[in-house]
Amino acid sequence: MEFAFNEEQLMIQESAESFLRDKSTSESIRRVMDTDTGYCPELWQSICQDMYWQAIHLPESCGGMGLGYVELLAVTEQMGRYLLCAPFFSSVALAANAILLAGSESQKQCYLSAIAEGKTATLAYSSSGSSQSFNHVVARCVADGDHYILNGDYQHVIDGASSEFLILAARDEQDDIQLFLVDGMSAGLEVQALPTMDQTRHRARLSASNLRLPASTRLSQFDNANTAFSAVLDLATIALAAEQVGLMQQLLDMAVAYTGERQQFNRPIASFQAIKHMAADMMLRTEVGRSAVYYAACIADEYLAGTGTSESLAEAASIAKAWCSESAFKNAADCLQMHGGVGFTWEYDVHLFFKRAKASEHFLGNSAQHRERIATMLLDEKRLFGNTPLFSDKKLVGAEK
Amino acid sequence: MKLSFTPEDEQFRGEIASWLQENLCGEFAELKFRGGPGDEHMFPEQRKGWEQKLAEGGWTCVSWPKQYGGRELSIEQQVIFYEEYARAGAPGRMGHIGDGLAGPTILAFGTEAQKQKYLPGILAGTEFWCQGYSEPGAGSDLANVKTKARFDEASGKWILNGQKVWTSLAHESDYCFVIARTDPESSAHKGLGFFLMKMDQPGITVRPIEQITGTSEFNEVFFDDAVCDADDIVGAPGEGWKVAMGLLGFERGVSTLGQQMAFQNELDEVIKLAKSRGADRDPALRQRIAQAHIGLKIMRYNSMRMLSGGADGSLQKEALIYKLYWASWHRDLGELAMDILGEDADILAGENYELSRLQSLFLFTRSDTIYGGTNEIQRNIIAERGLGMPREKRAS
Ligand SMILES: Cc1cc2nc3c(=O)[nH]c(=O)nc-3n(C[C@H](O)[C@H](O)[C@H](O)COP(=O)(O)OP(=O)(O)OC[C@H]3O[C@@H](n4cnc5c(N)ncnc54)[C@H](O)[C@@H]3O)c2cc1C
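Because the structure is a prediction, the values reported are computed rather than measured. (Residues numbered from 1 in each chain as written. Chains lettered and ligands numbered in written order. Predicted model: local features only at pLDDT ≥ 70, side-chain atom pairs only at ≥ 80, totals over all residues. Heavy atoms only, no water.)

Caption draft 1: Local environment of the overall build of chain B. Each helix and strand counted, chain B has 11 helices and 8 strands in total. Here the C-alpha atoms of chain B give a radius of gyration of 22 Å, agreeing with the 21 Å that 2.2 N^0.38 yields for 396 residues. Along the first, second and third principal axes, the C-alpha atoms of chain B reach 75 × 50 × 50 Å. Buried positions account for 55% of the 396 residues belonging to chain B. (Helix = DSSP H or I, 4+ residues; strand = E, 2+ residues; numbered from the N terminus. Rg over C-alpha atoms; globule rule 2.2 N^0.38 Å. Buried < 20%, exposed > 50% of the residue type's maximum accessible area, 1.4 Å probe, protein only.)

Written as structure tokens, this is what we have:
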């Protein structure tokens, strides 16, 4: 059993850690979070040229490094921990995964190479934003000769106002989901930046009205359209859960450091058991979340290598997100509480993490929604989950019976 | 990072699975799924017979070195063994305290003579052990034991006086390992000894304690001039704490990983129940069922990380969360089972306080968060050892 980082993966993790500790400091976050794009172009350039993180799991044929999801998540976790403000999640976890799963060879050549070179992109799909349907696509597309006409709204699009190109999801006449590659500045597409409580991640509302797109912009390798789309979101969800683990770790570290220094009643507050037990629960949530994310990373690798199933990907993603969403927020809430009054100030960084934790909790589905997804797999279909050997590599979802 | 087992490990899985299938039948068939948590008082004689059957097949003490009759299994294969054992529904191990606690302690700290004297009986499934740690005044604060051991020069033996409590299966045991104070002036961790004691002697009285379930699995054990041979102290007098702590390391080790398969059996039963009662349509219960499933899956991923730690089975810092995590999960499962039953949860299976399996689960899992270090003690350990937070001062 080697359910741990190998040496190369450890190196990737460590270099990400030290780079971000250095570059994504409190001052730099605060400097960029209130700007239009929400990130620092020089830092993004340095990530893309020196660190090459945007290319980690992209195929070598497209200028990528050809590594896997485990390596990607080793870095993503650190981005959450250091609250990196950059179009990484949108470009890589959302857009690149969509192209990877749905693009033709030539589309991959063109667009994944663009991402590998540092072009920014995002995926717009959710039209409702209501808590019932975090992955609900309602925009419509209609074929019109060798074009498609697209109509609909997209809410909460991550980096929607700053991305150089976009992938828009829409339902066709058969109700199947289709994905289209669109330039960030297109006639017929209205883009409106939305002010966000979590300023470390920017969002926008997009409106397509009779947006006319050549048929060649459709990602054409969508054989089983709806399943592939959930696989895209599942991959993104796993990356988000990794960020949440990073958040949890940082919140724990901040809490332990602060309570170790702060003296009341003539002793460090960390010596009070009420504080220690809160910290112990934070560590439990963090480590358990980490286990879930590492596991999901392995499952994502299997899926991307063509040896896994979309069911096991969905299950692993929902397990990770169900655990990490609530846990990251709880860690943030506890950390704030342990800071007392200073935790309530703008000056201390706790609120940045607290707000990111709440926004991430609901983005791509909150814990209750992912639990319901698991409940559906578990209770509503004739599927046998139980009695698969715990440590076998056999399918998690179990044999159909 | 890899998820798979080697082909040799999978072959080993087949070997133990088929042995269990061929042997857990006939006179042993009635033991299936019996003797587990909440049911440990049932079928003691038959389960002792089963231990001897296991021994014949070479399936006791699988982690022990070959030199002492064990199989010296790798950690992975030990886990596979425990998994297949639980999956087959093989009965709760009467021998587990000897196999998993007494034996490894004697192997690690005992003399060659102690190994020769005690290990064969454990290995053969003929001699059973219990753990004499807790006392009325020494629970979480284990170092507060008051039982005294005095060396009697005339007879050349140790003489013990005092009382142990909550001693599981003492009434079915041949031996007990006991921590007692060898230095009457000492306090806390200093001045303790670790004794291997024969239960069948005039100086030891065992009195069963009725549990929350109405049954008795643990006992009070009284020592009134109980005798222990000079050769039967493990480590030097005064080193008992070190030996006892080494043992707790074993207690939190690999064998608990195998219990996840038994947990899966229980969860399957709870899910089946929910479906049969239509509780699977209740949105709040669906959430909790999904949460139980998620919790058990991640428990497995946690263990996979722990297993990937030191090849010697040493556990990393993260492993500190394991007991708190599984105990809380298991206790929640018991509550979920009752909440699915609703008012029916209150109706017993029969007269004489006969509990259904799930009622038993509900009641017995309250102990998971108490024995082996309570949840609160686990949180202290996590905070102090895992996070380096300051220790609380002991009141003087
Ligand atoms: C089913 C079962 C089987 C057992 N089998 C055995 C056995 O075979 N051999 C054996 O030796 N023992 C056995 N025990 C005993 C077990 O180890 C003790 O019950 C356990 O260590 C707790 O001690 P206590 O019961 O004295 O509770 P206490 O220590 O009195 O604890 C009472 C409460 O106070 C809390 N508390 C105590 N100290 C602290 C602290 N420092 N900080 C915060 N909270 C604290 C505890 O968490 C708990 O909530 C068994 C117990 C059970 C329930």
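After that view, the rundown keeps rolling.
Caption draft 2: Here's a closer look at the overall build of chain A. The helix and strand inventory of chain A stands at 11 helices and 9 strands. Expressed as lengths along the three principal axes of its C-alpha atoms, the size of chain A is roughly 80 × 55 × 40 Å. Of all intrachain contacts in chain A linking residues separated by at least 6 positions in sequence, the fraction that spans at least 24 positions is 74%. Within the structure as shown, chain A displays about 15,100 Å² of accessible surface, and the carbon and sulfur contribution to it stands at 50%. Treating the 31 positive side-chain charges of chain A as one cloud and the 49 negative ones as another, the clouds have centres 6 Å apart. (Contact = heavy atoms within 4.5 Å. Areas by Shrake-Rupley, 256 points an atom, 1.4 Å probe, with all protein chains shown as cover. Lys, Arg positive; Asp, Glu negative; His and termini not counted. Charge placed at Lys NZ, Arg CZ, Asp CG, Glu CD.)

Caption draft 3: Looking closely at the UniProt feature "domain: Acyl-CoA dehydrogenase/oxidase C-terminal" (unreviewed entry) in chain A. Residues annotated in UniProt with the feature "domain: Acyl-CoA dehydrogenase/oxidase C-terminal" (unreviewed entry) correspond here to residues 232-378 of chain A. End C-alpha atoms of residues 232-378 of chain A are separated by 22 Å, and the span's content is 80% helix alongside 3% strand. (UniProt positions renumbered as here; feature names shortened; annotations may be inferred.)

Caption draft 4: Molecular detail of the nonpolar core. With 160 residues, the main nonpolar core has Trp-53, Leu-179 and Phe-229 of chain A as its most contacted residues. Of the residues forming this core, the biggest block, 20 residues, is contributed by helix H7 (residues 225-261) of chain A. Ignoring any residue separated from it by four or fewer positions in sequence, one finds Phe-229 of chain A in contact with Leu-123, Tyr-125, Val-137, Ala-169, Ile-177, Leu-179 and Phe-222 of chain A. In terms of nonpolar packing, the next biggest core, distinct from the first, is built from 29 residues, Trp-64, Ala-138, Leu-142 and Tyr-175 of chain B among them. (Core = buried A, V, L, I, M, F, W, Y, C linked by side-chain atoms within 4.5 Å.)

Caption draft 5: Here's a closer look at the interface of chain B and chain A. The interface of chain B with chain A comprises 54 residues on the first partner and 58 residues on the second. In this assembly, chain B packs against chain A so that about 5,600 Å² is buried in total across both faces, 64% of it on carbon and sulfur atoms. Across the chain B-chain A interface, the total number found is 6 salt bridges. In this structure, the salt-bridge partner of Arg-379 of chain B is Asp-281 of chain A, at a minimum N-O distance of 2.7 Å. Secondary structure elements with two or more residues in the side of chain B that touches chain A: helix H1 (7-23), helix H3 (75-87), helix H7 (255-277), helix H8 (283-307), helix H9 (322-341) and helix H11 (375-386) of chain B. Looking at which element gives the most residues to the side of chain B that touches chain A, the answer is H8 of chain B, with 16 residues. (Buried area = accessible area lost by both parts, 1.4 Å probe. Salt bridge = Lys/Arg side-chain N within 4 Å of Asp/Glu carboxyl O.)

Caption draft 6: Spotlight on the UniProt feature "domain: Acyl-CoA dehydrogenase/oxidase N-terminal" (unreviewed entry) in chain A. Taking the numbering used here, the UniProt-annotated feature "domain: Acyl-CoA dehydrogenase/oxidase N-terminal" (unreviewed entry) corresponds to residues 6-119 of chain A. This span, residues 6-119 of chain A, is 66% helix and 0% strand, and a straight line between its end C-alpha atoms measures 30 Å.

Caption draft 7: Focus on the packing of aromatic side chains. Scanning the entire structure with this criterion turns up 31 aromatic pairs over all chains. Taking the centre distance of 5.3 Å and the plane angle of 65° together, the rings of Phe-28 of chain B and Trp-50 of chain B count as edge-to-face. Of this pair, Phe-28 of chain B sits in the loop between H1 and helix H2 (44-56) while Trp-50 of chain B is found in helix H2, placing the two residues 22 residues apart along the sequence. Across the pair, exposure class does not vary: Phe-28 of chain B and Trp-50 of chain B are buried alike. One aromatic cluster in this structure is built from Phe-12, Trp-19, Phe-28, Trp-50, Trp-59, Phe-81, Tyr-82 and Tyr-85 of chain B. Above the ring of Phe-89 of chain A, the side-chain terminus of Arg-201 of chain A is found at 5.2 Å from the ring centroid. Lying across the ring of Trp-326 of chain B, Lys-323 of chain B places its NZ or CZ 5.8 Å from the centre. (Phe/Tyr/Trp six-rings, centres within 6.5 Å; stacked < 30°, edge-to-face > 60°. Lys NZ or Arg CZ within 6 Å of the ring centre and 35° of its normal.)

Caption draft 8: Main features of the UniProt feature "domain: Acyl-CoA oxidase/dehydrogenase middle" (unreviewed entry) in chain B. Within this structure's numbering, the places UniProt gives as "domain: Acyl-CoA oxidase/dehydrogenase middle" (unreviewed entry) are residues 130-225 of chain B. Spanning residues 130-225 of chain B, this segment combines 0% helix with 50% strand, and its end C-alpha atoms are found 19 Å apart.

Caption draft 9: Structural context of the packing of helix H9 (residues 310-339) of chain A against helix H10 (residues 350-362) of chain A. Residue and element names in this part refer to chain A. It is at 9 Å that the axes of H9 and H10 come closest, and there the two elements cross at 155°. One element, H9, and the other, H10, form an angle in the roughly antiparallel class. By crossing handedness, the relation of H9 to H10 is classed as left-handed. On the side of H9, the interface is formed by Lys-321, Ser-325, Ala-328, Phe-329, Ala-332, Ala-333, Cys-335, Leu-336 and His-339, while H10 contributes Val-350, Phe-353, Phe-354, Ala-357, Lys-358, Ser-360 and Glu-361. (Axes fitted to C-alpha atoms, helices over the stretch in contact; angles between N-to-C directions. Parallel < 35°, antiparallel > 145°, perpendicular 65-115°, else oblique. Left-handed = near helix turned anticlockwise from the far one by under 90°.)

Caption draft 10: Representation of the domain arrangement of chain A in the model. All names here are of chain A. Parsing chain A into structural domains produces domain 1 (7-104 + 113-118), domain 2 (123-219) and domain 3 (225-400). When domain 2 packs against domain 3, the two sides together hide about 1,600 Å² of surface, and 62% of this comes from carbon and sulfur. Across the contact surface, domain 2 and domain 3 share 2 salt bridges. Between Glu-243 and Arg-201 there is a salt bridge whose closest N-O contact spans 3.0 Å. For the pair domain 2 and domain 3, the number of links is 3 residue pairs in polar contact (both at pLDDT 80 or more). Secondary-structure elements contributing two or more residues to the side of domain 2 that touches domain 3 are strand S4 (165-171) and strand S5 (177-183). Looking at the side of domain 2 that touches domain 3, its residues break down into 9 nonpolar, 6 polar and 6 charged. (Domains from an automatic or database assignment. Polar contact = N/O pair within 3.5 Å; in protein donor to acceptor, adjacent residues only side chain to side chain. Nonpolar A, V, L, I, M, F, W, Y, C, P; charged D, E, K, R; others polar.)

Caption draft 11: Molecular detail of the pattern of salt bridges. Under the counting rule described, the total for this entry stands at 43 salt bridges over all chains. One salt bridge connects Asp-229 of chain B with Lys-157 of chain B, and the closest N-O pair in it is separated by 2.8 Å. Here Asp-229 of chain B, found in strand S7 (residues 218-229), pairs with Lys-157 of chain B, found in strand S3 (residues 157-168); they are 72 residues apart in sequence, far enough to count as distant. Asp-229 of chain B gets classed as partly exposed once you look at its relative accessible area, which sits at 31%. Since its relative accessible area comes to 29%, Lys-157 of chain B is described here as partly exposed. The shortest N-O distance in the salt bridge between Glu-335 of chain B and Arg-366 of chain B comes to 2.7 Å. Within this pair, whereas Glu-335 of chain B is found in helix H9, its partner Arg-366 of chain B is found in the loop between helix H10 (357-364) and H11, the two being separated by 31 residues in sequence. Through salt bridges that share partners, Glu-372 and Asp-380 of chain A together with Asp-280, Arg-281 and Arg-286 of chain B make up one connected network.

Caption draft 12: Representation of the site of the ligand within the structure. Taken together, 18 residues lie near the ligand, and Gln-273 of chain A together with Ser-140, Trp-166, Thr-374 and Glu-376 of chain B sit nearest. Residues lining the ligand come from chains A and B. Glu-376 of chain B is positioned such that a nitrogen or oxygen atom in its side chain is 2.6 Å from an oxygen atom of the ligand. The separation between a nitrogen atom of the ligand and a polar side-chain atom of Asn-380 of chain B is 3.4 Å. Taken by itself the ligand offers 970 Å² of open surface, and the protein chains cover 67% of this. Elements represented by at least two residues in the shell around the ligand include exactly S3 and H11 of chain B. When the residues that make up the shell around the ligand are grouped by side-chain class, the tally is 6 nonpolar, 11 polar and 1 charged. (Near = heavy atom within 4 Å.)

Caption draft 13: Representation of the domain arrangement of chain B in the model. Residue and element names in this part refer to chain B. Assigned domains within chain B: domain 1 (7-94), domain 2 (129-238) and domain 3 (252-386). Taking only C-alpha atoms into account, the centre of domain 1 sits 29 Å from that of domain 2. In this complex, domain 1 contributes 6 residues to the contact, which on the side of domain 2 involves 5 residues. In total, domain 1 and domain 2 occlude about 560 Å² of area from one another, counting both sides; carbon and sulfur atoms represent 55% of this. Of all residues in domain 1, Glu-40, His-41 and Met-94 give up the largest surface area on contact with domain 2, accounting jointly for 65% of the area buried on that side. Our count for the domain 1 to domain 2 interface comes out at 1 salt bridge. The partner of Lys-48 in a salt bridge is Glu-172, with the nearest N and O atoms 3.2 Å apart. If you look at where domain 1 meets domain 2, you find 1 residue pair in polar contact (both at pLDDT 80 or more). Considering only residue class, the side of domain 1 that touches domain 2 consists of 2 nonpolar, 1 polar and 3 charged.

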